[in-house]
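Topology and contacts: notes
Listed below, chain by chain, are the residues.
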Protein chains: 2
Amino acid sequence: MEKIRILGIDTSLRSSGVAVIEVQGQQLRALAYGRIHNKPAMAHSACLAEIHRQVDSLITEFEPDEAAIEGAFFAKNAKTAMILGQARGSVLACCSLRTLPVFEYSPRSVKQAVVGVGAARKEQVAKMVMRLLGLKEQPQEDAADALAIAVTHAHQRGLPETLRSKAV
Amino acid sequence: MEKIRILGIDTSLRSSGVAVIEVQGQQLRALAYGRIHNKPAMAHSACLAEIHRQVDSLITEFEPDEAAIEGAFFAKNAKTAMILGQARGSVLACCSLRTLPVFEYSPRSVKQAVVGVGAARKEQVAKMVMRLLGLKEQPQEDAADALAIAVTHAHQRGLPETLRSKAV
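Please read these numbers as outputs of a predicted model, since none were measured by experiment.

Reading guide: rules and limits
- Residues numbered from 1 in each chain as written.
- Chains lettered and ligands numbered in written order.
- Predicted model: local features only at pLDDT ≥ 70, side-chain atom pairs only at ≥ 80, totals over all residues.
- Heavy atoms only, no water.
- Core = buried A, V, L, I, M, F, W, Y, C linked by side-chain atoms within 4.5 Å.
- Buried < 20%, exposed > 50% of the residue type's maximum accessible area, 1.4 Å probe, protein only.
- Contact = heavy atoms within 4.5 Å.
- Salt bridge = Lys/Arg side-chain N within 4 Å of Asp/Glu carboxyl O.
- Helix = DSSP H or I, 4+ residues; strand = E, 2+ residues; numbered from the N terminus.
- Least-squares fit on C-alpha atoms with pLDDT ≥ 70 in both.
- Axes fitted to C-alpha atoms, helices over the stretch in contact; angles between N-to-C directions.
- Left-handed = near helix turned anticlockwise from the far one by under 90°.
- Buried area = accessible area lost by both parts, 1.4 Å probe.
- Polar contact = N/O pair within 3.5 Å; in protein donor to acceptor, adjacent residues only side chain to side chain.
- Nonpolar A, V, L, I, M, F, W, Y, C, P; charged D, E, K, R; others polar.
- Pairing = 2+ DSSP bridges.
- UniProt positions renumbered as here; feature names shortened; annotations may be inferred.

A short note on the nonpolar core
Generally speaking, soluble globular proteins have nonpolar side chains that are buried together. Ranked by size, the top nonpolar core spans 50 residues in total, and within it Leu7(A), Val55(A), Cys95(A), Leu7(B), Val55(B) and Cys95(B) carry the most contacts. Once residues lying within four places of it in the same chain are set aside, the contact partners of Cys95(A) are Val55(A), Ile59(A), Ala67(A), Leu100(A) and Val102(A).

If you want it as structure tokens, here you go:
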């Protein structure tokens, strides 16, 4: 049965969660997860370069087939949206330069897919991700979100094409 | 007298203006200008990759010392801010990966520096850029904006450090 690898990214300027999972039929396995932590003292452009570099190096190391990111539906105002947009821009450009298709999921649909409830708390997401992937310890919050996004995409891939999320 | 090269970028998803000028004392010279045109049919991530690629190749070809971009002060709502933010993220990550310091100027300060009036029209900016750089033809609008941003940075570099714009 075909094995595919999914790169999940929960994008933000200072602390992006990243994860790579492997999917084979119903089996899911976490290959790597963690976060890209940019210190408060770093200039925005340095943070964006660091995000690009780290995502690029994950792609080189794990050779994922597809990427999934959290949709940007929750930006409250123009300033937050701009900062988040920049982080997304760095990630999207990097994935596209490496010819990796990127799919986008709303925070609500990620929670729905992983916990079964669109309004689930972060703690519930982390616990469920831990169980679904058979992890021994609860992952850090942003890493858990990245794993959840990757798991959501794994589920969506099983759906007929018309029901699937589109690449951004 | 020291020669420096400035990369000016007027960032947007579908049509970014780009320009490289050379500054030596009071002398300004345009080395290259144009725009990165992404067709409406292209996915966002493909546009962002194209912006990254083109900016990267300008840096390789012209080896600018510093970059200047338009500040993101005009985004009206979260959705526009997100799209513009993504384009900026691609540019900022690229410049920072190439260790190029990036400075940011508000549209108003660019008009003020080039035309002498913060509320100048685009047409006036293009005409003044043409005159300042001794161009034979009026540049395309986005290219003219990129030239104007580069010229603004050239002016700012002459100021005492405390009055200068900070890198982003």
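As for the pattern of salt bridges
This model, assessed by the stated rule, comprises 16 salt bridges over all chains. For the salt bridge of Arg5(A) with Glu22(A), the shortest nitrogen-to-oxygen distance reads 2.9 Å. Taken together, the residues span a long stretch of sequence, with Arg5(A) in strand 1 (residues 3–10) and Glu22(A) in strand 2 (residues 15–24) at a distance of 17 residues. With relative accessibility at 9%, the residue Glu22(A) sits in the buried group. Of the charged contacts, one joins Arg157(B) and Glu66(B) as a salt bridge, the two residues approaching to 2.8 Å between their closest N and O atoms. Here Arg157(B), found in helix 5 (residues 141–157), pairs with Glu66(B), found in strand 4 (residues 66–70); they are 91 residues apart in sequence, far enough to count as distant. On the basis of relative accessibility, which here comes to 14%, the residue Glu66(B) falls in the buried class. Through salt bridges with shared partners, a single network forms among Arg5(A), Glu22(A) and Arg29(A).

Structural notes on the relation of the copies chain A and chain B
The transform that puts chain A on chain B rotates by 180° and translates by 0.0 Å along the axis, for an RMSD of 0.0 Å. Taken together, the rotation angle and the small translation identify this as a two-fold axis.

Re the packing of helix 1 (residues 44–62) of chain B against helix 2 (residues 78–97) of chain B
All names here are of chain B. Two elements in contact, helix 1 and helix 2, have axes separated by 9 Å at closest approach and are oriented at 35°. When you trace helix 1 past helix 2, the crossing you get is right-handed. Contacts between helix 1 and helix 2 involve His-44, Leu-48, Ile-51, His-52, Val-55, Asp-56 and Ile-59 from the first element and Ile-83, Gln-86, Ala-87, Ser-90, Val-91, Cys-94, Cys-95 and Leu-97 from the second.

Here's the deal with the interface of chain A and chain B
Chain A puts 25 residues into the contact, and the matching count from chain B is 25 residues. Summed over both partners, the interface of chain A with chain B buries about 1900 Å², with 73% contributed by carbon and sulfur atoms. Broken down residue by residue, the surface that chain A buries against chain B is led by Ser45(A), Met82(A) and Leu97(A), which jointly contribute 26%. Our count for the chain A to chain B interface comes out at 0 salt bridges. Between chain A and chain B we count 8 residue pairs in polar contact (both at pLDDT 80 or more) in total. Elements with a minimum of two residues in the side of chain A that touches chain B: helix 1 (44–62) and helix 2 (78–97) of chain A. If one sorts the elements of the side of chain A that touches chain B by residue count, helix 2 of chain A sits on top with 13 residues. In terms of residue class, the side of chain A that touches chain B is made up of 14 nonpolar, 9 polar and 2 charged.

Some details on the pairing of strand 1 of chain A
All names here are of chain A. Most of strand 1 sits inside the fold, with 6 of its 8 residues counted as buried. With 8 bridges joining them, strand 1 and strand 2 adopt antiparallel strand pairing. Among the inter-strand pairings, Ile-9 is bridged to a residue of strand 2, identified as Val-18. Linking strand 1 to strand 2, which pair antiparallel, is a turn of 4 residues.

Quick word on the sheet that holds strand 5 (residues 102–105) of chain B
All names here are of chain B. An order of 3-2-1-4-5 is seen for the 5 strands of this open sheet, with the pairing classed as mixed. Across the chains shown, the open sheet's two edge strands, defined by having one partner strand only, are strand 3 (27–37) and strand 5. The average angle at which neighbouring strand axes cross in this sheet is 20°, direction not considered. The pairing of strand 2 (residues 15–24) with strand 3 spans 10 bridges and is classified as antiparallel. Residue pairing for strand 3: Ala-19 is matched across the bridge by Tyr-33.

Some remarks on the UniProt feature "active site" (unreviewed entry) in chain A
Residue and element names in this part refer to chain A. This chain's UniProt record puts "active site" (unreviewed entry) on Asp-10, Glu-70 and Asp-142. Taken along the chain, the residues just named run across 133 residues; in space they keep tight, none of their C-alpha pairs more than 11.5 Å apart. Summarising the element assignment, Glu-70 is placed in strand 4 (residues 66–70). If sequence neighbours within four positions are ignored, Glu-70 has contacts with Ile-9, Asp-10, Arg-88, Glu-104, Tyr-105, Pro-107 and Ile-149. With respect to the secondary-structure elements, Asp-142 resides in helix 5 (residues 141–157). Filtering out sequence-adjacent residues up to four positions away, Asp-142 remains in contact with Asp-10, Ser-15, Ser-16, Gly-17 and Arg-35.

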